[in-house]
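What follows is each chain in one-letter form.
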Amino acid sequence: MKNFTKVSDISSVPLMVQKALELKANPFAFSALGKNKTLGLIFMNPSLRTRLSSQKAAMNLGMNSMVMNIDKEGWSLELTDGAVMNGTTVEHIKDAAGAMSLYCDIIGIRCFPSLVNSKEDYSELVLSQFIKYSSVPIVSLESATRHPLQSFADMITIEEHKLQTKPKVVLTWAPHVKALPQAVANSFAEWAIASNYELVISHPEGYELSEEFTKGAQIEYNQQRALQGADFVYVKNWSSFRDYGKILTQDDSWLLTNNKLKVTSNAKIMHCLPVRRNVELSDEVLNSPNSLIMQQAENRIYSAQTMLKELLENSSILKL
Ligand code: SN0
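Everything numeric in this text was worked out from a predicted model, so none of it was measured.

**Q** Give a description of the packing of helix 7 (residues 148–161) against helix 12 (residues 293–312) that names residues and reports values.
**A** For the pair helix 7 and helix 12, interaxial distance at closest approach is 8 Å and the crossing angle is 115 degrees. With respect to the hand of their crossing, helix 7 and helix 12 are arranged in right-handed fashion. In this structure, helix 7 contributes L149, Q150, F152, A153, D154, I156, T157, E160 and H161 to the contact, and helix 12 contributes Q295, Q296, N299, R300, Y302, S303, A304, T306 and M307. Across the contact of helix 7 with helix 12, the residue classes break down as seven nonpolar, eight polar and three charged.

Spelled out as structure tokens, the structure:
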């Protein structure tokens, strides 16, 4: 069974990006491929772009889609094997995933981390239980530790806007009022590294991401130094991995302004959205002509569509 949850599930990022650009140029070229096939989308957390772009991607391939907000509309799920279910959980994930795979040909699932226990979150219990008990391919729509379809869309966006083969890409932490997952940052790092880009990650001390995702990147605690000569600046908040799930600082000197960006190489600015304007990223930067946020949002259609197409074709680009 082929699943898509991380960058190492595909054999070549550049090839996937090329395939996505071909689909973007001709989105309805495979509108018969998904005939009589059903995409199931399961949400345990909120979503705007992921839900709509996945449905749009399915439609472009002639595929049907069904959405379930399982956290609000489903039975409370039990995750532990062998549990005696005499408490608050009503249905075992084994039975839920088993039944859903009878109704769907591909299942996408969004499951955020608890941000309480790093070991539990980083073991990806929910996602791996779904993979274990499903008889159809599982696609991650953002799991506890990664957001692969977002990162794939980000790589498509960089490919469209880069002026050199190996651009300098800076991932910079930004302040936020809430403790957010590390998933987007982890995933962006592993995709940028797999794309062979020069990646510099900048954040306050204590916000180091798990090395599993950042091997090959340079860590620079001085944001201004990190921004020097940058071609792309990806802004994102995440909570601490080391002091797991904690907000260590809300220092607004990390908020990007056009003035700070003067040292870059006329950098393009990226954010996955949703963004807390003037907390995480200033209006002046988000509204500037260098902002790529809408291009990224649009490319969510093509990252999802490319992935669905490869899964429907059981393509060899996807590893087992
Ligand atoms: C999510 C995250 O992983 O950071 C989803 C990003 C695609 N973001 C949030 O949960 C934002 C919540 C907030 O209150 O701003």
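**Q** Tell me about helix 12, and please be specific about residues and values.
**A** Given a rise of 1.5 Å per residue, 20 residues ought to cover 28 Å, and the 29 Å separating the end C-alpha atoms of helix 12 matches this to within 8%. Of all the bends in helix 12, the greatest, near 30 degrees, is centred on N299. Counted residue by residue, helix 12 has 16 buried out of 20 residues, so it is predominantly covered. Phi turns positive one or two residues past the end of helix 12, at N314, with a value near 50 degrees.

**Q** Break down the site of the ligand for me, citing the residues and quoting the values.
**A** Neighbouring the ligand are F112, E142, H147, H176, K178, L180, P181, K236, C272, L273 and R276. In the model, an oxygen atom of the ligand is placed 3.0 Å from a nitrogen or oxygen of the K178 side chain. At 2.5 Å from an oxygen atom of the ligand is found a side-chain nitrogen or oxygen belonging to R276. Surface burial for the ligand is 87%, taken as the share of its 410 Å² of free accessible area covered by protein chains. The cavity that encloses the ligand is the largest pocket. Class assignment of the residues belonging to the shell around the ligand gives a composition of five nonpolar, two polar and four charged.

What counts as what
Residues numbered from 1 in each chain as written. Predicted model: local features only at pLDDT ≥ 70, side-chain atom pairs only at ≥ 80, totals over all residues. Heavy atoms only, no water. Axes fitted to C-alpha atoms, helices over the stretch in contact; angles between N-to-C directions. Helix = DSSP H or I, 4+ residues; strand = E, 2+ residues; numbered from the N terminus. Left-handed = near helix turned anticlockwise from the far one by under 90°. Contact = heavy atoms within 4.5 Å. Nonpolar A, V, L, I, M, F, W, Y, C, P; charged D, E, K, R; others polar. Expected span 1.5 Å × (residues − 1). Bend = angle between axes of the 7 residues up to and from the residue. Buried < 20%, exposed > 50% of the residue type's maximum accessible area, 1.4 Å probe, protein only. Near = heavy atom within 4 Å. Polar contact = N/O pair within 3.5 Å; in protein donor to acceptor, adjacent residues only side chain to side chain. Areas by Shrake-Rupley, 256 points an atom, 1.4 Å probe, with all protein chains shown as cover. 1 Å grid on protein atoms, 1.4 Å probe; cavity = no way out; pocket = protein on both sides within 12 Å on 5 of 7 lines; lining within 4 Å. Sits in = over half its atoms within 2 Å of the grid points.

These figures capture arrangement, not role.
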